[in-house]
Structures are given as C-alpha cells and as structure tokens.
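Here is what each chain is made of, one letter per residue.
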Amino acid sequence: QLRVSSYSKVIVWFKEHKRYQKIYLMGVSLGAIEGSMLAADANVKAAVLVMGGGDLAEIIMHSQEPFVAEWRKELIKRMAEINGSQPTEEKILDLLRQSLDKADPLRYAETVMAEKILMINAKYDQTIPFRNTFKLWLALNQPRLILFPTTHRGMAFYAPAVLYQTGRFFSKRD
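Residues numbered from 1 in each chain as written. Predicted model: local features only at pLDDT ≥ 70, side-chain atom pairs only at ≥ 80, totals over all residues. Heavy atoms only, no water.

Trainee: What is the right way to look at the nonpolar core in this model?
Mentor: General note: in soluble globular proteins, nonpolar side chains tend to be found buried as a group. Counting 16 residues, the largest nonpolar core has Leu25, Ala47, Leu49, Ile117, Met119 and Leu140 as its most contacted members. Mapped by element, the contributors of at least two residues to this core are strand S1 (23-28), helix H2 (30-38), strand S2 (44-50), strand S3 (117-122) and helix H6 (130-139). It is S2 that contributes the most residues to this core, three residues altogether. If we ignore the near neighbours within four places in the chain, the residues touching Met119 are Leu49, Thr133, Leu136, Trp137, Leu140, Pro143, Arg144, Leu145 and Ile146. By size, the runner-up hydrophobic cluster in this structure holds 13 residues, among which are Val48, Leu118, Ile120 and Val162. (Core = buried A, V, L, I, M, F, W, Y, C linked by side-chain atoms within 4.5 Å. Buried < 20%, exposed > 50% of the residue type's maximum accessible area, 1.4 Å probe, protein only. Helix = DSSP H or I, 4+ residues; strand = E, 2+ residues; numbered from the N terminus. Contact = heavy atoms within 4.5 Å.)

Set out below in structure tokens:
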C-alpha cells in the first residue's frame, strides 16, 4: 500500500507539470496488481494490466513461483511452531487476508471504470493463477481481456503482441 501511495504522488507530480496532461499506466505482474489500484485515480486516462490478479492471499497460497512457494513454506512452518500443529489452508488464508486486505486490488476495483482498463493475461499462468485473473476481471466490471496461451514466464515471447495491443488501446484513448 505504501508503494501505491508513492506512485500516486508521482501521478500528481506529472499532472501538476503542464507538459504531462495525459497519464497512461502499464503494469506487469506485481505492477499490474498495483496498477489496478492506481487506475482508480481520475488522473490516469487508461491502464493496461499485464498478468495481474486479485485476492492476494489466494495468489500467495496457490502460486507456483519458487520465491512465493518458499515464502509460503516458511510461513506455514512458523505458524505450526506458534500453534503447535500444522495450520489448515483456511487458517493460512484467513491470516493472509487479514494482513493483506488493505493492499488487495479487489478492495478498490469497483472504483475503476472498466472502459479505461485493458487486461492482458497468460491463460496457463502458475504465478498468478487464472482464477485470480478472473476475480480481478469480474471486480473491475469485466474490462476487455486478452488471453495468450502461455505461462507467466512464457509471456515474454508475446512481448511484441502485448506492446502492440497496449499501443492500440492507448491510442484509442486520445
């Protein structure tokens, strides 16, 4: 949430300087998650969210990204040490949701106009599972969604297509 607040200050700075009248935003992965919250800012004319999702607790619980999986394993270990028994998935999700509620894009999605959002995601993403992409898409009132038949890391091969779609989307917002 602190990072999003810092980004909001940057948006205000751009807007205060007359030569930056149109502010467009593009975020990838964590940048898309944060960008989905920044898109609520009236100064942001349009946003492209690449490989983002909602329900951070669930993303952490089910992501197969090695860093996230290792962090999750350590969390479960510490919870077991504190409680004296292995925590259930429900208990872990509850703890994560309590901790991450204010930073979850689902909390802010209803304030974003779907027309100014383009979501681009990987259909077989195991870092941000598709169910979490779908949750964010629904919460954002079903903006345009482009799915590529690839994984999170495989999306790099689609970078030219992503940039092309981003350029088209932004140019239609002028």
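Trainee: Which parts of the structure should I look at to understand the sheet that holds S3?
Mentor: One open sheet accounts for four strands, arranged S1-S2-S3-S4; its pairing is parallel. Sheet topology places S1 and strand S4 (144-148) at the edges, where each strand pairs with a single neighbour. For this sheet, the mean angle separating the axes of adjacent strands, direction not counted, is 15°. As defined by bridge partners, S3 adjoins S4 across five bridges and the pair is classed as parallel. When the sheet's bridge partners are listed, Ile120 is paired in S4 with Ile146. Helix-sheet contacts for H2 involve S1 and S2, and the interaxial angle to S1 is about 145°. Where H6 meets the sheet, its contacts fall on S3 and S4, and the angle it forms with S3 comes to roughly 170°. (Pairing = 2+ DSSP bridges. Axes fitted to C-alpha atoms, helices over the stretch in contact; angles between N-to-C directions.)

Trainee: It is not clear to me how helix H7 (residues 159-171) should be interpreted in this structure. Could you clarify?
Mentor: For an α-helix the count is 3.6 residues per turn, leaving residues at separations of three or four pointing the same way. A rise of 1.5 Å per residue sets the reference length of H7, with its 13 residues, at 18 Å; its end C-alpha atoms lie 18 Å apart and thus fit the reference within 8%. Those residues of H7 that fall on the buried side of the exposure criterion are Val162, Gln165, Thr166, Phe169 and Phe170. For H7, the angular spread of buried residues about the axis comes to 130°, placing them on one side. Looking at H7, the residues exposed on the side facing more than 90 degrees away from the buried face are Pro160 and Leu163. In this structure, the buried residues of H7 make contact with S1, S2, S3 and S4. (Expected span 1.5 Å × (residues − 1). Arc of directions from axis to C-beta.)

Trainee: Help me understand the environment of Ser99, please; the structure alone is not making it clear to me.
Mentor: With respect to the secondary-structure elements, Ser99 resides in helix H5 (residues 89-100). Given a relative accessible area of 56%, Ser99 falls into the exposed group. Within the structure, Ser99 has its side chain in polar contact with the backbone oxygen of Leu95 (distance 3.0 Å). (Polar contact = N/O pair within 3.5 Å; in protein donor to acceptor, adjacent residues only side chain to side chain.)

Trainee: Quick question: what am I supposed to make of the pairing of S3 here?
Mentor: On a regular strand, each side chain points to the face opposite its neighbour's, so the side chains alternate between the two faces of the sheet. Counting buried positions over the six residues of S3 gives six, a clear majority of the element. What you see with S3 is no split at all: Ile117, Met119 and Asn121 on one side and Leu118, Ile120 and Ala122 on the other are buried throughout. Bridging between S2 and S3 involves four bridges; their strand directions are parallel. Directly across from Ala47, in S3, lies its bridge partner Ile117. Traced from S3 through H6 to S4, the parallel crossover comes out right-handed. (Right-handed = clockwise from strand over helix to strand, strands pointing away.)

Trainee: How should I be thinking about the pattern of salt bridges in this particular structure?
Mentor: If the charged atoms of two oppositely charged side chains come close together, the side chains can form a pair. On inspection of all chains with the given rule, the structure shows seven salt bridges. Between Asp55 and Lys135 there is a salt bridge, with the nearest N and O atoms lying 2.8 Å from each other. One end of the pair, Asp55, is in the loop between S2 and helix H3 (56-62); the other, Lys135, is in helix H6, and 80 residues separate them in sequence. Under the relative-accessibility criterion, Lys135 is labelled partly exposed at 29%. A salt bridge links Glu74 to Arg78; the nearest nitrogen and oxygen atoms lie 3.1 Å apart. In this pair, Glu74 and Arg78 are both assigned in helix H4 (residues 66-83), four residues apart and thus about one turn of the helix distant. A single salt-bridge network, built from bridges that share partners, covers Asp55, Glu58, Arg97, Arg131 and Lys135. (Salt bridge = Lys/Arg side-chain N within 4 Å of Asp/Glu carboxyl O.)

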